[in-house]
Amino acid sequence: QVQLVESGGGLVQAGGSLRLSCAASGIIVSINTMGWYRQAPGKKRELVATITKGGSTTYADSVKDRFTISRDKSLYLQMNSLKPEDTAVYYCNAEVTTQARRTNDYWGQGTQVTVSS
């Protein structure tokens, strides 16, 4: 039973910053690749950034040079120079290997990020 919980969302003016966090709990053997996704109203959920266990990162072109993904015991997304187009619900995703040696993707409940003009 794996659970991911996001936090750190909120309302910020354009040009501001937010830092999102994602904590994982449950019976976990290993957390492999983790990532942040977002979904704006009326749009499909899209990839924002990923990070492997070894620290290799990828970013969507729309957030590159503005967002930074990192991890230790939790997953983080530092968001700088925020734009109104960044407004969305942000979801944490983790590839988790459980004690039963099953590897599956798990999702958090999401945290709202709203960027005003």
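Further up the page is the structure itself.
Residue numbers restart at each chain and count upward from 1, following the sequence in its written direction. The model is predicted, so local features are restricted to residues of pLDDT at least 70 and side-chain atom pairs to those at 80 or more, both for listing and for counting; the totals for chains, interfaces and linings are taken over all residues. Heavy atoms from the whole structure form the basis of all side-chain values; hydrogens and water molecules are not counted.

**Q** Explain the nonpolar core here, please?
**A** Here is a general trend for soluble globular proteins: nonpolar side chains tend to be buried in one another's company. Side-chain atoms within 4.5 Å are what join buried Ala, Val, Leu, Ile, Met, Phe, Trp, Tyr and Cys residues into a set we call a nonpolar core. Only protein chains enter the calculation, and the probe is 1.4 Å; a residue is then buried if its accessible area is under 20% of its type maximum, exposed if over 50%, and partly exposed in between. By size, the foremost hydrophobic cluster in this structure holds 29 residues, and its most contacted members are Trp-36, Val-48, Phe-67, Leu-75, Leu-77, Met-79 and Tyr-90. If you list the elements that add at least two residues to this core, you get strand 3 (18-25), strand 4 (28-39), strand 5 (46-51), strand 7 (67-71), strand 8 (74-79), strand 9 (88-98) and strand 11 (111-116). Labels follow the DSSP assignment, with helices taken as runs of H or I lasting at least four residues and strands as runs of E lasting at least two, numbered in each case from the N terminus. Per-element accounting of this core gives the leading share, five residues, to strand 9. Between two residues, a contact is recorded if the distance between any of their heavy atoms is within 4.5 Å. If we skip the residues at most four places from it in the chain, Val-48 touches Trp-36, Tyr-37, Arg-38, Thr-58, Tyr-59, Ala-60, Val-63, Phe-67, Leu-77 and Tyr-90.

**Q** Got a minute to help me understand the side chain of Thr-50 in this structure?
**A** Residue placement: Thr-50 occurs in strand 5. Residues adjacent in sequence count toward polar contacts only when both atoms are side-chain atoms; beyond that, a polar contact is any pair of N or O atoms within 3.5 Å, and within protein one must be able to donate a hydrogen and the other to accept it. A polar side-chain atom of Thr-50 sits 2.4 Å from a polar atom in the side chain of Thr-58. With near-sequence residues (within four places) excluded, Thr-50 lies in contact with Thr-33, Met-34, Gly-35, Ser-56, Thr-57, Thr-58 and Ile-69.

**Q** What is the right way to look at the pattern of salt bridges in this model?
**A** Where charged atoms of side chains with opposite charge meet at close range, the side chains can pair. Throughout this description, the term salt bridge denotes a Lys or Arg side-chain nitrogen within 4 Å of a carboxyl oxygen of Asp or Glu. Evaluation of the coordinates by the stated rule reveals four salt bridges. Residue Lys-64 pairs with Asp-61 through a salt bridge whose shortest N-O separation is 3.8 Å. A salt bridge links Asp-86 to Arg-66; its shortest N-O distance comes to 2.8 Å. With Asp-86 in the loop between strand 8 and strand 9 and Arg-66 in the loop between strand 6 (57-59) and strand 7, the pair connects residues that are 20 residues apart, well separated along the chain. By relative accessible area, Asp-86 is classed as buried at 0%. Residue classification places Arg-66 among the buried residues on the basis of a relative accessible area of 9%. One salt-bridge network, held together by shared partners, links Arg-38, Glu-46, Arg-66 and Asp-86.

**Q** Would you mind showing me how to read the packing of aromatic side chains here?
**A** To describe a pair of aromatic rings, you give the distance between the ring centres and the angle between the ring planes. Aromatic pairs are defined between Phe, Tyr and Trp rings, using the six-membered ring for Trp, whenever the two ring centres lie within 6.5 Å; interplanar angles under 30 degrees are classed as stacked, those over 60 as edge-to-face, and all others as tilted. Evaluation of the coordinates by the stated rule reveals one aromatic pair. Taking the centre distance of 4.9 Å and the plane angle of 65° together, the rings of Tyr-37 and Trp-107 count as edge-to-face. Here Trp-107 lies in strand 10 (residues 103-107) and Tyr-37 lies in strand 4, a separation of 70 residues in the sequence. A relative accessible area of 21% means that Tyr-37 is categorised as partly exposed. Geometry around Tyr-76 places Arg-19 over its ring, the cationic atom sitting 4.1 Å from the centre. In this structure, Arg-45 packs its charged tip against the face of Trp-107, placed 4.7 Å from the ring centre. Distance and angle both matter: a charge sits over a ring if NZ of Lys or CZ of Arg is within 6 Å of the ring centre and within 35 degrees of the ring normal.

**Q** Just checking my understanding: could you explain the sheet that holds strand 1 (residues 3-7) for this structure?
**A** In any sheet, the strands associate via hydrogen bonds between backbone groups, in a parallel or an antiparallel arrangement. For two strands to be treated as a pair, DSSP must find no fewer than two bridges joining them. Spatial strand order, 1-3-8-7: four strands in an open sheet with antiparallel pairing. Only two strands of the sheet have a single partner each, and these edge strands are strand 1 and strand 7. For this sheet the average axis-to-axis angle between neighbouring strands, irrespective of direction, equals 15°. Where strand 3 meets strand 8, six bridges bridge the pair, whose relative direction is antiparallel. Bridge pairing in strand 8 links Cys-22 to Leu-75. Lines fitted to the C-alpha atoms define the axes, with helices restricted to the stretch that makes contact. Angles between their N-to-C directions range from 0 to 180 degrees.

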